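# Architecture and fold: a report
Each chain, letter by letter, is given below.
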Amino acid sequence: MKKIITKLTFAAALAGLSGCGELAQNDPITVFGKGLVAFAQSKVDSGSADAAATSAELTRETIEAAPVNLLRLSLISQGATDILAEAGRNGTKVTWASREGFGFTFDGGLLVASRRTGADLMGADVSGAKRSLSGGGNHTRTLDFLDGSDQIQQITVQCQTIVTGQDAITIFERTYQTSILEETCSGAGQEFKNTYWRDRNGIIWQSRQWISPQAGYLGYQRL
Amino acid sequence: MFGLKNYTGMVGLAVAALCATPAAADDDWRATYNLYGTAGIIDTPSAVLPKDGEVAGTLGFFGETQRGTLTFQLHPRISGSFRYSFIDTYDRSFDLRYQLAHEGEIRPAIAIGLRDFIGTGRYSSEYIVATKTIGSDVRVSGGIGWGRLAGVGGFTNPLGVIDEGFETRPDDSIATGGTVLTGQFFRGDAALFGGVEWRVNDEWTLLAEYSSDAYERETDRTSFERNSPLNFGVTWEPRPGRQWGAYYLYGSEIGVSGTFTFDPTSRSVPSGFDSAPLPVAVRGQSLLAAASWDTAEQESGGINGLGQVLATDGFRLLGAEVTGSTMRVRYENNTYRAEAQGVGRVARIMSQLAPANVDTFILEPTRRGIALSAVTLRRTDLETLENTAGASAESLARATFSDAAGPAPEFSYENPDPAFLWGAYPYLELTVFDGDEPLRADVGVEATFQYELRPNLLLAGTYRHRLEGNREEVGAISASTLPDIRRTGLRYGSESGGGIENLFLSWYGRPGRDLYSRVSLGYLERNFGGVSGEVLWKPVDSRLAIGAELNYTLLREFDLGFGFRPACSDLNCTVFTGDNYDVVTGHLSGYYDFENGYQAQVDVGRYLAGDWGATFSLDREFDNGWKLGAYVTLTDVDFEDFGEGSFDKGIMLEIPTDWTVGTPTRDTVATTLRSLERDGGSRVRIDGRLYDVVSGGHETQMADNWGRFWR
């Protein structure tokens, strides 16, 4: 938080110096001013206060009335929650987008890509993980990350999925009978554990999944 | 001298310092930076090797001595430093260091270095040093030094065994400095130096050393007292990349230093805060796309839709057409540093809007209104590769690059944005060391505009007005027999308090396959106005480019108005008589983009003082846009006539703004640190030379950034 404040103060100081007109955008002082404001804003925006307000307005009625499918998603390390809308489908993969410009793609409920988290998962092979969801099993996952030099860093991790229990979860007045599955992965210096709440039809209603080393975990509920 | 450009460079560094998560968090014990701003202990060097690409900025103070140093690890084994110091007078110096050996189980790390090897040689010294890590927290260094590093405890040069000539160190530095002092290297007496670093914990390190530097010059000319060869110090590294040092030096002085290091290859937000792209729409699933563009109505509706969607994502559509099953789009990327990212995003937007019968996309990114390349992508590949592992490499393998010199797409898009753009913002102009005052500064308002007559024909200008400052008086102008091309630069706008910085028309074209052209006309820069023409040959998949430039320019009046003036006719530039100074300059240029990230450029031709010669530049460009480079210009102007520095040379640093702020932008912050700017070896400063405009949109650079294609 202290870091954000320093940045905000600095940005504000610069913003005081900033110019006007479209071309002032090219002025380095203005650019840095704006960039930092945007940066800090993104942190503040994703703060839980804002997101809580969004969720508070949500009811089963508004969910049903919405023209598109909705997803409630949290970036756990940032304590931020937002409602995402379905933005596209490509085969079994569904992409969800938020107003702030975040994007997440899930293949059968498993994360295969994130956008705008700062350290994105660029793409993934989760075919093994999908198979292990029916009752458990061992598999590998291949994950692509983008590094600070614009290069793709691909890692392969070894994973095991086990059923750890049963749970009835309620999401906005609806209750689902689910199995809880835990997928533990390690390799290439990384270790993470994903948890899925999956119903008899194979729909993952709730989950906690790893995005990348820097971005940490996300949690979602299908609405 | 240090103008606004340098200042903004420094702002860039300062902001980078605030935002960046510096450097690798690996467990290795990183180099300590000494008071010279190079890897070392306190005042002596060590053989510890900084991380490849690392950039370190150091300020060091003790007694009256002040040193500001930028050190670049230019290559896994080579580092270079540029230093600006106050000894008894201000002085610039360059260092080079080569890593002879890496540390092994038993073998120490060994480095050989030249300190102040071109210039007036006030810090001139050479050394060979070895460093061994003992246990995990102690490093011991010892070396042999020549020149200043043989000031105390010197003995006859052991290299005398090879040749007796090594035993005496000639004083062959010429008064103006700037020449490589090869005649002195490793000559004269030698002496031993050494020291110890003890890492107490992750943050604190204790230092002790024996320095063989006698500090003769400082003792003679300043109040410096050298009572002991022993120095002691402590460094504090509160977080990686920030090093603060405090020292007790030479038995008499207290010293402090601060070093910020940056690792251009890492970034605090590796993939950036760019908003998510539109996903790929699989054919038949998009609600936006028309079934076909068979009628003119469907086509114009489709193009309008495409233009609007592209605009929301920071692109400007210039034109589009559908021919058979191929859709071709020409656009300008105004937002994303990497052209490859632009290609990826535009292709996804096309997948949303292209009629279902289209199976091939041709994307033509442009800069300054000219098409740079044609990237052909298959729609099926986008659909099948999206969000898969290995998608980036696979999509690059399936993309084809070709020249885009052909005609514009059939339907042009009427851009609703205004063609006239303007801006106004504050500026700060610093003038350092003009002879009388160490620092002069102006603060004022800068206003700029551009009017796009056509995408490739632009009228642009910048005007400055001083609000406050003390730059109206100009100190001494150094004497020279050359026409005053740059050395009277301080006088520009100093009395008038501002004026027209530039006002010009530029026209870009594609005269043929692999060919690019530019014509600029007007007040091209602060000191010169005239006309400039350039042609560049660069095939889209070639690492080699060849260019030619021809300019006719006149010297501008000091008041930054519309007038021109004669060059001064006396040594100290008080008399300006005769005809206006005009000159024809021009260069043949060769560019080569090596596969390992190095770029070489050679320019041969005539410079503004009428001198003939060549400029050699070598840049290291990281894939994320960071650039470090060095250049040297040698012309037929005598070193004596050139004046201080003997010839023009410098170090260049360019930082992409998106690396610093995390959000997408094409802006960069660049700064050039050079020896004093003089009249020889100077070229007209032209906005938008062709190679810089073109190369980012060609295959080699796009391939380097293809990791961002799906970003």
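Computed from a predicted model, the values in this text were never measured in an experiment. (Residues numbered from 1 in each chain as written. Chains lettered and ligands numbered in written order. Predicted model: local features only at pLDDT ≥ 70, side-chain atom pairs only at ≥ 80, totals over all residues. Heavy atoms only, no water.)

Looking only at helices and strands, chain B features ten helices and 32 strands. By the burial criterion, 59% of the 711 residues in chain B qualify as buried. Intrachain contacts of chain B at a sequence separation of at least 6 include 60% that bridge at least 24 residues. A total of about 27,000 Å² of accessible surface is found on chain B, and carbon and sulfur atoms cover 57% of it. (Helix = DSSP H or I, 4+ residues; strand = E, 2+ residues; numbered from the N terminus. Buried < 20%, exposed > 50% of the residue type's maximum accessible area, 1.4 Å probe, protein only. Contact = heavy atoms within 4.5 Å. Areas by Shrake-Rupley, 256 points an atom, 1.4 Å probe, with all protein chains shown as cover.)

All names here are of chain B. Tracing the sequence through the fold places Arg510 in strand E23 (residues 498-512). Given a relative accessible area of 16%, Arg510 falls into the buried group. Among the polar contacts made by the side chain of Arg510, one reaches the main-chain carbonyl oxygen of Ala371 at a distance of 2.8 Å. A polar contact is formed between the side chain of Arg510 and the side chain of Asp403, at a distance of 2.9 Å. In contact with Arg510, not counting residues within four places along its chain, are Ile370, Ala371, Asp403, Ala404, Ala405, Leu515, Tyr516 and Ser517. (Polar contact = N/O pair within 3.5 Å; in protein donor to acceptor, adjacent residues only side chain to side chain.)

All names here are of chain A. A complete count under the given rule lists two disulfides over all chains for this structure. With a sulfur-sulfur separation of 2.2 Å, Cys159 is cross-linked through a disulfide to Cys185. In this structure, the disulfide formed by Cys159 and Cys185 twists by about 110° around the S-S bond and is classed as right-handed. Taken together, the positions of Cys159 in strand E8 (residues 152-171) and Cys185 in strand E9 (residues 174-187) put the pair 26 residues apart, joining distant regions of the chain. (Disulfide = S-S within 2.5 Å.)

Before going further, it helps to examine the sheet that holds strand E6 (residues 125-134) of chain B. All names here are of chain B. Spatially, E1-E2-E3-E4-E5-E6-E7-E8-E9-E10-E11-E12 is the arrangement adopted by the twelve strands of the closed barrel, whose pairing is antiparallel. Pairs of neighbouring strands in the sheet enclose a mean axial angle of 20°, with direction left out of account. Bridging between strand E9 (residues 204-210) and strand E10 (residues 230-236) involves seven bridges; their strand directions are antiparallel. By the bridge assignment, Tyr210 is partnered in E10 with Leu230. (Pairing = 2+ DSSP bridges. Axes fitted to C-alpha atoms, helices over the stretch in contact; angles between N-to-C directions.)

In this section: the packing of aromatic side chains. Residue and element names in this part refer to chain B. For the structure shown, the criterion picks out 32 aromatic pairs over all chains. Residues Trp146 and Phe186 carry aromatic rings whose centres are separated by 5.0 Å and whose planes lie at 80° to one another, so their mutual orientation is edge-to-face. Here the residue Trp146 occupies a position in strand E7 (residues 138-147), and Phe186 occupies one in the loop between E7 and strand E8 (190-199), the gap between them amounting to 40 residues. Neither Trp146 nor Phe186 differs from the other in exposure class; each is buried. Judged by centre distance (5.9 Å) and plane angle (65°), the rings of Phe224 and Tyr250 are edge-to-face. Placement of the pair is Phe224 in the loop between helix H2 (216-221) and E10 and Tyr250 in the loop between strand E11 (242-249) and strand E12 (253-262), with a sequence separation of 26 residues. Of the two residues, Phe224 and Tyr250, both sit in the buried class. Among the aromatic residues, those joined into a cluster by ring pairs are Phe62, Tyr215, Phe224 and Tyr250. In this arrangement the basic side chain of Arg139 is found over the ring face of Trp29, its NZ or CZ atom lying 3.9 Å from the centre. The ring of Phe558 carries the charged tip of Arg491 above its face, separated from the ring centre by 5.8 Å. (Phe/Tyr/Trp six-rings, centres within 6.5 Å; stacked < 30°, edge-to-face > 60°. Lys NZ or Arg CZ within 6 Å of the ring centre and 35° of its normal.)

On to the pairing of E12 of chain B. Residue and element names in this part refer to chain B. Burial analysis of E12 places seven of its ten residues in the buried class, which makes it a mostly covered element. Judged from the eight bridges that link them, strand E1 (residues 55-62) and E12 form a sheet pairing that is antiparallel. Residue pairing for E12: Gly57 is matched across the bridge by Phe260. As paired strands, E11 and E12 are joined by eight bridges and run antiparallel to one another. Bridging from a neighbouring strand, Gln243 pairs with Thr259 of E12. Taking the residues between adjacent antiparallel strands as the criterion, E11 and E12 are bridged by three residues, where Tyr250 takes a positive phi near 50°.

Together, Asp163, Glu164, Glu167 and Asp189 of chain B make up a region of like negative charge exposed at the surface. Tracing the backbone shows Glu164 of chain B in the loop between E7 and E8. (Patch = residues over 30% accessible without salt bridge, like charges linked within 9 Å, V, L, I, M, F, W, Y side chains within 5 Å. Salt bridge = Lys/Arg side-chain N within 4 Å of Asp/Glu carboxyl O. Lys, Arg positive; Asp, Glu negative; His and termini not counted. Charge placed at Lys NZ, Arg CZ, Asp CG, Glu CD.)

For the rest of this paragraph, the subject is helix H4 (residues 339-353) of chain B. Over its 15 residues, H4 of chain B runs 21 Å from end to end, which matches the ideal 21 Å to within 8%, given 1.5 Å per residue. Here H4 of chain B lies mainly inside the structure; 15 of its 15 residues are buried. (Expected span 1.5 Å × (residues − 1).)

On to the side chain of Ser506 of chain B, then. Note on placement: Ser506 of chain B falls in strand E23. If we ignore the near neighbours within four places in the chain, the residues touching Ser506 of chain B are Asn456, Leu457, Leu458, Val519 and Ser520 of chain B.

What follows deals with the sheet that holds strand E4 (residues 103-107) of chain A. All names here are of chain A. Here twelve strands make up an open sheet; going across it, the order is E5-E4-E3-E2-E1-E12-E11-E10-E9-E8-E7-E6 and the pairing antiparallel. Here the strands that pair on one side only, and so sit at the sheet edges, are strand E5 (110-115) and strand E6 (121-125). Ignoring which end each strand starts from, the neighbouring axes of this sheet average 30° apart. Sheet topology note: the strand E1 (residues 70-75)/strand E2 (residues 80-90) ladder contains six bridges and is antiparallel. Residue pairing for E2: Leu75 is matched across the bridge by Ala80.

Glancing now at helix H3 (residues 296-312) of chain B. All names here are of chain B. Given a rise of 1.5 Å per residue, 17 residues ought to cover 24 Å, and the 25 Å separating the end C-alpha atoms of H3 matches this to within 8%. Where H3 is concerned, the buried positions are Glu299, Gly302, Ile303, Gly305, Leu306, Gly307 and Leu310. Elements in contact with the buried residues of H3: strand E13 (315-323), strand E14 (326-333), H4 and strand E19 (411-412). Backbone geometry just after H3 places Gly314 at a positive phi near 90°.

All names here are of chain B. Across all of its chains, the model carries 54 salt bridges over all chains by this definition. Notably, a salt bridge pairs Glu595 with Arg543, separated by 4.0 Å at the nearest N-O pair. Here Glu595, found in the loop between strand E27 (582-593) and strand E28 (598-606), pairs with Arg543, found in the loop between strand E25 (528-537) and strand E26 (544-555); they are 52 residues apart in sequence, far enough to count as distant. We classify Glu595 as exposed; its relative accessible area is 70%. The network of salt bridges with common partners includes Arg518, Glu534, Glu549, Asp603, Arg683 and Arg689.

Moving on, we get to unusual backbone geometry. All names here are of chain B. Positive phi values are uncommon outside glycine, yet Tyr250 reaches one of about 50°. Unusually for a residue other than glycine, Arg368 sits at a positive phi of about 50°. By the secondary structure assignment, Arg368 is in the loop between strand E15 (360-367) and strand E16 (370-371). Residue Arg368 is classed as partly exposed on the basis of its relative accessible area of 28%.

We now examine the environment of Gln190 of chain A. Checked against the element boundaries, Gln190 of chain A lands in strand E10 (residues 190-199). Apart from residues no more than four positions distant in its own chain, Gln190 of chain A is found in contact with Ile155, Cys185, Trp210 and Pro213 of chain A.

Before going further, it helps to examine the pairing of E11 of chain B. In terms of strand pairing, E10 of chain B meets E11 of chain B through five bridges, oriented antiparallel. Each residue of the ladder has a partner; that of Gly233 of chain B, found in E11 of chain B, is Tyr247 of chain B.

Residue and element names in this part refer to chain B. Tracing the backbone through its elements, the reader meets Asn624 in the loop between strand E29 (612-621) and strand E30 (627-635). Given a relative accessible area of 1%, Asn624 falls into the buried group. For the pair Asn624 and Arg708, spaced 84 residues apart in sequence, the C-alpha separation works out to 9.9 Å. One polar contact links the side chain of Asn624 to the main-chain carbonyl oxygen of Pro264, over a distance of 2.5 Å.

The subject of this paragraph is the nonpolar core. All names here are of chain B. Counting 39 residues, the largest nonpolar core has Leu306, Met327, Val329, Val343, Leu363 and Trp706 as the members making the most contacts within it. Listing elements by their share of this core, those giving two or more residues are H3, E13, E14, H4, E15, strand E17 (374-378) and helix H5 (379-385). Residue contacts for Val329: discarding those within four places in its chain leaves Leu306, Leu317, Gly319, Ala320, Val346, Met350, Ile362, Leu363 and Glu364. (Core = buried A, V, L, I, M, F, W, Y, C linked by side-chain atoms within 4.5 Å.)

Time to look at the environment of Trp659 of chain B. Structurally, the position occupied by Trp659 of chain B is in helix H8 (residues 657-661). For the pair Trp659 of chain B and Pro264 of chain B, spaced 395 residues apart in the sequence, the C-alpha separation amounts to 8.8 Å.

Take it as geometry only, folks, not as evidence of what the structure does.
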